[in-house]
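Chain and residue survey
Residues per chain, in single letters:
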Amino acid sequence: MEIMTSQPSSRMVNAGALGLASVFAVVFFLAGIPLRAQEVQSSPAEPRAAVSQQRETPPPQEAALSERLHLLVGRSLVITTPVRIKRVSIADPTIIDAIIIKPTQILLNGKVPGGVSLVLWDEADQSQTFEVFVDLDILGLSQKIREVFPEEPIRVEASKDVVMLSGRASSKAVADKILQIVTAATPKVISLMEAPAAPTSGEILLEVKIAEVNRSALDQLGINLFSINQKMIGSTSTQQFAPPVSPTAPPTSFTISDLLNVFLFRPDIHVGATLRALQQRNLLQILAEPNLLTETGREASFLAGGEFPFPVVQGGAAGSAPTVSIQFKEFGVRLNFAPKLTENGKIHLKVRPEVSTLDFTNGLNVSGFFVPALSTRRVETEMELMDGQSFAIAGLVDDRLTRVANKIPWLADIPILGYLFRSRSLNKTKTELLVVVTPHIVKPLAADQVPAGPKFPEAFLPPSPSGAPKPPEKN
C-alpha cells in the first residue's frame, strides 16, 4: 500500500512539483515581459548599438548644398522656415545681425560688406546652412553718377566690400571725378575705366585781334584882365590859367607866359585882356593782329610797341652821393598765352593780353628828368575752345570826366559881368578795348608743299622785261 500509496503519493508529489514549476515559469515569464520592455525603453541605444555592430557600416551620405543669400548693407531680409527654429549660429556677427521674430521666422540685418555662414537648427536637431553675402548698395552710387555725369557710360559692380568701375570716360578729369565720388562712399575701389590720353605733341596757332579806341574832349573858357595905367594898376585872374605878371614895380609892363587864345590890349588906356576859349577833340585808335605759333604746353609771347627810359635813383656808399641809373620799361601791345591740347580734342588756353600807352599828363619830374606814366589795360583768363572757335573780351570801358571851375567871390556873382571873373575846364575821356582770340590746330606741311607768300599792295621791284640786258656773270 505504501508502495501504492507511495506510488500514488509519489505521483502526486511529482505532479504537484510539476504544477508549481509550471506556475513559477508562467509567473516569471509574465513578469519578465514588462521588465524586458522597460529595459528596452529605458536604454534603446544598447540594442541599436548591438544591431549596428552586427550590420555593415553604410557609406556616408553627401551633405546638402548650402543656399546662397545676398543682402545689401543697411537692408534687412526675413527667412521663414516650415519648422520651429531651436538654435541659430553666425560665423561673424560683425557682418550680419540675426534676430528671431517668431519660432519660424528670423530677421537678418546687413552691417558691413562681406560673407558669412548662417546655420539654423530645428527641434529635431536637423540643421540647415546658408551662405549670406552682404554687398554694398551700388544702386545709390549708380544713380549719383548718372545725375552728375548723365552722358558717361560707366558701370558700377560690387563684390563683397569691393566696388569695381568699368567703362570708357570722355576724359581723364571725368574719370577722376567719378573715382572721387565712389571713394567717398567706400574705401575699396578698383577702377577699370578707360579715358583718352592727352596728346603730347602738336602745334597751335593763335590769331588775336586787339582794338582800342580812345576818345577825349576838352573844353576850356576863362579870361584874365590887367592894366598898367598909372592911375589904375592891377590884374584879375582865377589862377586857373596863367595870368600876366609884371616884372617891375611900379608895373610899367607885363610878361605874358600864356597868351591863351585871344589877346586884347588898348595902348591909349593901357588895359588888356587874355582870353582862353578852347575846344579840343582827340581820337586814338590802336589795332594789332598778332599771330603766334607754339607747341602744346609751351608759352609764347608777343610785343608790338617799344621801350622808354626812366631814371632810377640808387643810394651810394657812406659819404658818397646817390647815383642815377637808366632802366627801360616796355609798352605797347603785348600778348602772352599758353595752349594745351586736351583729351577730348579741345584747346585749353591761358591768355593774357595787355595794351599800354604813355601817359604824359600824369608824368613826374625825377632829378630833372620827366618820366611819363603808363596807362595799361590788361586781361588774364582761361577757357577751352574747339579748333577754329573764337571768344571775345569786351566791355573794358574806361569813362572819365574831369571838371574844374574857378571864380572870384562876389564879383563872379554879378549878373552878366560876373562871367568875366569865372573860368572853367571840362575834360572827358573814354577808352574802349576789344580782344578777339581764335586758336587753330595746325600740322606741318610736307616737303613738296610750299605755302603761299604774303601779298604786298605794291611790288618792291617789278620783274625785268624779257629784252632787258642781263648783268654780267662773275667768273
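Residues numbered from 1 in each chain as written. Predicted model: local features only at pLDDT ≥ 70, side-chain atom pairs only at ≥ 80, totals over all residues. Heavy atoms only, no water.

**Re the nonpolar core**
Short version of the rule: To qualify as a nonpolar core, a set must consist of buried Ala, Val, Leu, Ile, Met, Phe, Trp, Tyr and Cys residues joined through side-chain atoms within 4.5 Å. Any residue under 20% of the maximum accessible area for its type is buried, any over 50% is exposed, and the rest in between are partly exposed; the area is computed with a 1.4 Å probe on protein chains only. Labels follow the DSSP assignment, with helices taken as runs of H or I lasting at least four residues and strands as runs of E lasting at least two, numbered in each case from the N terminus. Throughout, a residue-residue contact means that at least one pair of heavy atoms, one from each residue, lies within 4.5 Å.
Formed by 23 residues in total, the largest nonpolar core has its most connected members in Leu349, Phe391 and Val437. Contributions of two or more residues to this core are made by strand 11 (203–229), strand 17 (323–341), strand 18 (347–366), strand 20 (381–385), strand 21 (391–407) and strand 22 (422–442). When near neighbours in sequence (up to four residues on either side) are disregarded, Phe391 contacts Leu349, Val351, Thr381, Met383, Leu385, Val435, Val436 and Val437.

**Focus: the sheet that holds strand 5 (residues 105–110)**
Note the threshold: Pairing between two strands requires that DSSP report at least two bridges joining them. In this description, a line fitted to the C-alpha atoms serves as the axis of each element, helices being fitted only across the stretch in contact, and the angle between N-to-C directions of two axes falls anywhere from 0 to 180 degrees.
Read across the open sheet, the three strands follow the order 2-5-4; overall the sheet is antiparallel. Each having just a single partner strand, strand 2 (76–80) and strand 4 (96–102) make up the two edges of the open sheet. Each strand axis lies, on average, 25° off the axis of its neighbour in the sheet, ignoring direction. Across five bridges, strand 2 lies against strand 5 in antiparallel orientation. Looking at the pairing, Ser76 lines up with Asn109 of strand 5.

**Digging into helix 4 (residues 172–185)**
Operational definition: Under the convention used throughout, the expected extent of a helix is 1.5 Å for every residue step, that is, one less than its residue count. Throughout, the arc means that of the directions going from the helix axis to the C-beta atoms.
Helix length check: helix 4, at 14 residues, gives a terminal C-alpha distance of 21 Å against a target of 20 Å (1.5 Å per residue), a fit within 8%. For helix 4, the set of buried residues is Val174, Ala175, Ile178 and Val182. Take helix 4 and look down its axis: the buried residues cluster within an arc of 100°, on one side only. Residues of helix 4 that are exposed and point more than 90 degrees away from the buried face comprise Gln180 and Ala184.

**Quick notes on helix 3 (residues 138–148)**
Residues separated by three or four positions in an α-helix point in the same direction, a consequence of the helix having 3.6 residues per turn. Among the residues making up helix 3, those that are buried are Leu141, Ser142 and Ile145. The buried residues of helix 3 occupy an angular sector of 100° when the element is viewed end-on, so they sit on one face. The exposed set on the far side of helix 3, more than 90 degrees from its buried face, consists of Leu139 and Glu147. Here the buried face of helix 3 lies against strand 8 (154–159) and helix 4.

**Quick word on the confidence of the model for the chain**
Regions with low pLDDT carry predicted coordinates that are not meant to be interpreted in detail. Here is the rule: As a per-residue quantity, pLDDT reports the predictor's confidence and falls between 0 and 100.
For the chain, mean pLDDT is 76; residues scoring 70 or higher make up 79% of the total. Put simply, helix 2 (residues 45–54) is where the chain has its lowest mean pLDDT, 34, and strand 5 is where it has its highest, 91. In the predicted structure, residues 1–64 sits below a pLDDT of 50 and forms six contacts with residues beyond four places in sequence or in another chain.

**Quick notes on the packing of aromatic side chains**
Put simply, the test is: A pair of aromatic rings is counted whenever rings of Phe, Tyr or Trp (Trp by its six-membered ring) have centres within 6.5 Å, and the orientation is called stacked for planes under 30 degrees apart, edge-to-face for over 60 and tilted otherwise. Remark: a charge is flagged as sitting over a ring if the NZ atom of Lys or the CZ atom of Arg is within 6 Å of the ring centre and within 35 degrees of the ring normal.
Using the criterion set out here, one finds three aromatic pairs in the structure. Between the aromatic rings of Phe360 and Phe370, the centroid separation amounts to 6.5 Å while the plane-to-plane angle is 10°, which identifies the pairing as stacked. Of the two residues, Phe360 is situated in strand 18 and Phe370 in strand 19 (residues 369–378); the sequence distance between them amounts to 10 residues. Through successive ring pairs, a cluster of aromatic residues spans Phe308, Phe310 and Phe331. Here Arg87 stacks its cationic end above the ring of Trp121, 4.5 Å away from the centre of that ring.

**Section: the packing of helix 3 against helix 4**
We apply this condition: To sort the angles, those under 35 degrees are grouped as roughly parallel, those over 145 as roughly antiparallel, those from 65 to 115 as roughly perpendicular, and the leftovers as oblique. If you view the pair so one helix is near and one far, a crossing is left-handed when the near helix is turned anticlockwise from the far one by less than a right angle, and right-handed when it is turned clockwise. Amino acids are sorted into nonpolar (Ala, Val, Leu, Ile, Met, Phe, Trp, Tyr, Cys and Pro), charged (Asp, Glu, Lys and Arg) and polar (every other residue, Gly among them).
At a minimum axis distance of 11 Å, the contact between helix 3 and helix 4 shows a crossing angle of 150°. Put simply, helix 3 runs roughly antiparallel to helix 4. By crossing handedness, the relation of helix 3 to helix 4 is classed as right-handed. Counting all contacts with helix 3, which are made through Leu141, Lys144, Ile145 and Val148, the residues of helix 4 involved are Ile178, Ile181, Val182 and Ala185. Taken together, the residues that form the contact of helix 3 with helix 4 break down as seven nonpolar, no polar and one charged.

**As for the environment of Leu141**
Considering the arrangement of structural elements, one finds Leu141 in helix 3. Linking Leu141 and Ile178, residues 37 residues apart in sequence, is a C-alpha distance of 9.8 Å. Apart from residues lying up to four places away in sequence, Leu141 is in contact with Val182 and Ala185.

**Structural notes on the environment of Phe360**
Once the C-alpha coordinates of Phe360 and Leu374 are considered, the two residues, 14 residues apart in sequence, prove to be 8.4 Å apart. Apart from residues no more than four positions distant in its own chain, Phe360 is found in contact with Phe370 and Pro372.

**Focus on the sheet that holds strand 1 (residues 67–72)**
Ordered by their spatial adjacency, four strands build an open sheet running 1-7-6-3, and the pairing between neighbours is mixed. This sheet does not close on itself; its edge strands, each paired only once, are strand 1 and strand 3 (85–90). Neighbour to neighbour, the strand axes of the sheet diverge by 25° on average, direction disregarded. Pairing analysis gives six bridges linking strand 1 to strand 7 (residues 127–135), with the strands arranged parallel. Across the sheet, the residue bridging to Leu69 is Val132, located in strand 7.

**Digging into the pattern of salt bridges**
Convention followed: Salt bridges, as used here, are contacts in which a Lys or Arg side-chain nitrogen is within 4 Å of a carboxyl oxygen on Asp or Glu.
A complete count under the given rule lists 11 salt bridges for this structure. With a shortest N-O distance of 3.4 Å, Asp125 and Lys86 are connected by a salt bridge. Remark: Lys86 occurs in strand 3 and Asp125 occurs in the loop between strand 6 (114–122) and strand 7; sequence separation between them is 39 residues. Across the pair Lys407 and Asp413 runs a salt bridge whose closest N-O atoms are separated by 3.6 Å.

**Comments concerning a nonpolar patch on the surface**
Selection rule: Residues with no salt bridge and a relative accessible area higher than 30% make up the patches, which join like charges within 9 Å and nonpolar side chains (Val, Leu, Ile, Met, Phe, Trp, Tyr) within 5 Å. Using the Shrake-Rupley algorithm and a 1.4 Å probe, accessible areas are obtained, with residue cover drawn only from the displayed protein chains.
A grouping of Val313, Val324, Ile326, Phe328 and Phe369 is seen on the molecular surface, where their side chains present a nonpolar patch of about 460 Å² in accessible area. Counting residues per element, the nonpolar patch draws most heavily on strand 17, which supplies three residues. Its relative accessible area of 40% is what places Phe369 among the partly exposed residues.

**Examining unusual backbone geometry**
We note that Trp410 has phi near 70°; this positive angle belongs to a residue other than glycine. Position of Trp410 among the secondary structure elements: in the loop between strand 21 and strand 22. We note that Ile416 has phi near 65°; this positive angle belongs to a residue other than glycine. Position of Ile416 among the secondary structure elements: in the loop between strand 21 and strand 22. Accessibility expressed as a relative area gives 71% for Ile416, which makes it exposed.

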